[in-house]
Amino acid sequence: MMMSEDKKKYKIYWFIGAILSFFTYFSGLILIYNAVRKKLISRSRAVILTYHRIRDDAEDSEISVKIKNFENQIQHLKKNFDIIPLQELIRCIENRFPITNDSAVITFDDGYKDNYQNAYPVLKKNNLPGTIFLISSLIGKNSDMLSLDEINEMNKHNISFGSHTVTHRILSEIDTDLAKSEIKKSKESLQNLLKQKIEFFAYPVGKKRHFNEAAKAAIKRCGYKAALTTINGSADASRDLFEIKRVGIRNCPLFVFKVRVSGLFESGPVFFIRKLFNLI
Ligand SMILES: [Zn+2]
């Protein structure tokens, strides 16, 4: 779920990103970048991908990826990354273990039913892990959202679950007590429903201005191990376990996806230029 003001902004960012991806990909620059990174300076990266919906009848390409595109993206990841569970990557970041192979974590925000219908079969077929962040009050609420049965089935097959609050309110825009209750009650209710510990949290909308220090403190106090944002960047570059960066994936051509997950746009010089133009 996204706000319309954000939608406009990210449309522009993605358009610029797609053009840059076109040139970096088809000029061969991306191959050179990957070769230098992997072979010359032996730097591996860890990336957490943010998906929302996987479906074909999608108008809103900001949050929906078509099924065939999703399958192609997963195949690219399988070939080029170790696809690992979120908890494994968080353990590495927490203990500052070096990332020895390029690693990817697949996450979905909001808990749409199409995650079960369209994404889960692809992940299951390929025996891959993933994590879905649920809005606790919306479970089984309508035909668009995951039901408890679907959640339980996926839970048995490598899909883990985290909290995305009770009602998807933006934590920096509500009063502190309400934010605390969104953070705490969602954890409690998911733990009751799933009969297991909920360790991870994803901020609604998730850019820097959508959460604050009070929310972060409440998340830590509730016993979550980490919190994920939608701030763009490599996960291993996240210095703070409660501000983990991710890379948002849209319904884009495969070459754009390849450039996005390569980390080129988050590499030192490119990041400097993005910062200069406030394109972060
Ligand atoms: Zn969301």
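Everything here concerns the structure above.
Residues numbered from 1 in each chain as written. Predicted model: local features only at pLDDT ≥ 70, side-chain atom pairs only at ≥ 80, totals over all residues.

*Asks:* Go over the overall build of the protein with me, naming the residues and quoting the values.
*Replies:* On a plain count of helices and strands, the protein comes out with 10 helices and 10 strands. Residue burial in the protein is summarised as follows: out of 280 residues, 40% are buried. Of the contacts made within the protein by residues no fewer than 6 positions apart, 70% connect residues no fewer than 24 positions apart. (Helix = DSSP H or I, 4+ residues; strand = E, 2+ residues; numbered from the N terminus. Buried ≥ 20, exposed ≤ 12 C-beta atoms within 10 Å, placed from the backbone. Contact = placed C-beta atoms within 7 Å.)

*Asks:* So what's going on with unusual backbone geometry? Which residues, and what values?
*Replies:* Despite not being glycine, arginine 96 shows a phi value in the positive range, around 55 degrees. Tracing the chain through its elements places arginine 96 in the loop between α4 (86–94) and β5 (103–110). Accessibility expressed as a C-beta count within 10 Å gives 7 for arginine 96, which makes it exposed. Its identity as a non-glycine residue notwithstanding, valine 205 has a phi of 65 degrees, on the positive side.

*Asks:* Account for the packing of helix α7 (residues 176–194) against helix α8 (residues 213–221), naming residues and giving values.
*Replies:* The axes of two packed helices give the description: the angle between them and the distance between them. α8 packs onto α7 with a crossing angle of 35 degrees between their chain directions and a minimal axis gap of 9 Å. In this structure, α7 crosses over α8, and the sense of that crossing is right-handed. On the side of α7, the interface is formed by Thr176, Ala179, Lys180 and Ile183, while α8 contributes Ala214, Ala215, Ala218 and Ile219. In terms of residue class, the contact of α7 with α8 is built from six nonpolar, one polar and one charged. (Axes fitted to C-alpha atoms, helices over the stretch in contact; angles between N-to-C directions. Left-handed = near helix turned anticlockwise from the far one by under 90°. Nonpolar A, V, L, I, M, F, W, Y, C, P; charged D, E, K, R; others polar.)

*Asks:* A description of the pairing of β5 should follow, citing residues and the corresponding values.
*Replies:* Judged by how many residues are buried, β5 sits mostly within the fold: eight of eight residues are covered. Across two bridges, the pairing between strand β4 (residues 82–83) and β5 is parallel. Bridge pairing links isoleucine 83 to alanine 104 in β5. Bridge count between β5 and strand β6 (residues 130–134): four bridges; the pairing is parallel. (Pairing = 2+ DSSP bridges.)

*Asks:* Help me get a handle on the packing of helix α3 (residues 67–80) against helix α9 (residues 254–262), residues and values and all.
*Replies:* At a minimum axis separation of 10 Å, α3 and α9 run at an interaxial angle of 40 degrees. As judged from the angle between their axes, α3 and α9 are oblique. Seen along the crossing, α3 lies across α9 with a hand that is right-handed. Along its contact with α3, which presents Asn72, Gln73 and His76, the element α9 presents Leu254, Phe257 and Lys258. In the contact of α3 with α9, the residues fall into two nonpolar, three polar and one charged. (Parallel < 35°, antiparallel > 145°, perpendicular 65-115°, else oblique.)

*Asks:* Please provide a residue-by-residue account of the nonpolar core, values included.
*Replies:* The biggest cluster of nonpolar side chains holds 62 residues, and the ones touching the most others in it are Val47, Leu49, Ile219, Ala226 and Ala227. For this core, the element with the highest residue contribution is strand β1 (residues 46–51), accounting for five residues. Excluding anything up to four places from it in sequence, alanine 227 contacts Phe201, Tyr203, Lys216, Ile219, Phe242, Glu243 and Ile244. (Core = buried A, V, L, I, M, F, W, Y, C linked by C-beta atoms within 7 Å.)

*Asks:* Just give me the short version of the environment of lysine 113, but keep the residues and values in it.
*Replies:* Along the chain, lysine 113 falls in helix α5 (residues 113–125). Lysine 113 sits 86 residues away from serine 27 along the chain, and the two C-alpha atoms are 39 Å apart. Ignoring anything within four residues of it in the chain, the contact list for lysine 113 reads Ser143, Asp144, Met145 and Leu146.

*Asks:* Please set out α7 residue by residue, giving values where relevant.
*Replies:* End to end, α7 covers 27 Å across 19 residues, agreeing with the expected 27 Å (1.5 Å per residue, within 8%). The inward-facing, buried residues of α7 contact β6, β7 (159–163), β8 (200–202) and α8. Looking at the residues trailing α7, positive phi occurs at lysine 195, about 55 degrees. (Expected span 1.5 Å × (residues − 1).)

*Asks:* Which residues make up the pairing of β1, and what are the values?
*Replies:* Counting buried residues along β1, six of its six residues qualify, which places the element largely inside the surrounding structure. Where burial is concerned, the two faces of β1 agree: the one with Ala46, Ile48 and Thr50 and the one with Val47, Leu49 and Tyr51 are both buried. Where β1 meets β5, six bridges bridge the pair, whose relative direction is parallel. Counted as the bridge partner of leucine 49 is isoleucine 106 from β5.

*Asks:* How would you summarise α8 if you had to cite specific residues and measurements?
*Replies:* Among the residues of α8, those classed as buried are Ala215, Lys216, Ala218 and Ile219. For α8, the angular spread of the buried residues around the axis is 160 degrees, confining them to a single face. Exposed residues pointing more than 90 degrees away from the buried face of α8 are listed as Glu213 and Arg221. Taken together, the buried residues of α8 touch α7, β8 and β9 (226–232). Residue glycine 223 follows α8 closely and has a positive phi angle near 95 degrees. (Arc of directions from axis to C-beta.)

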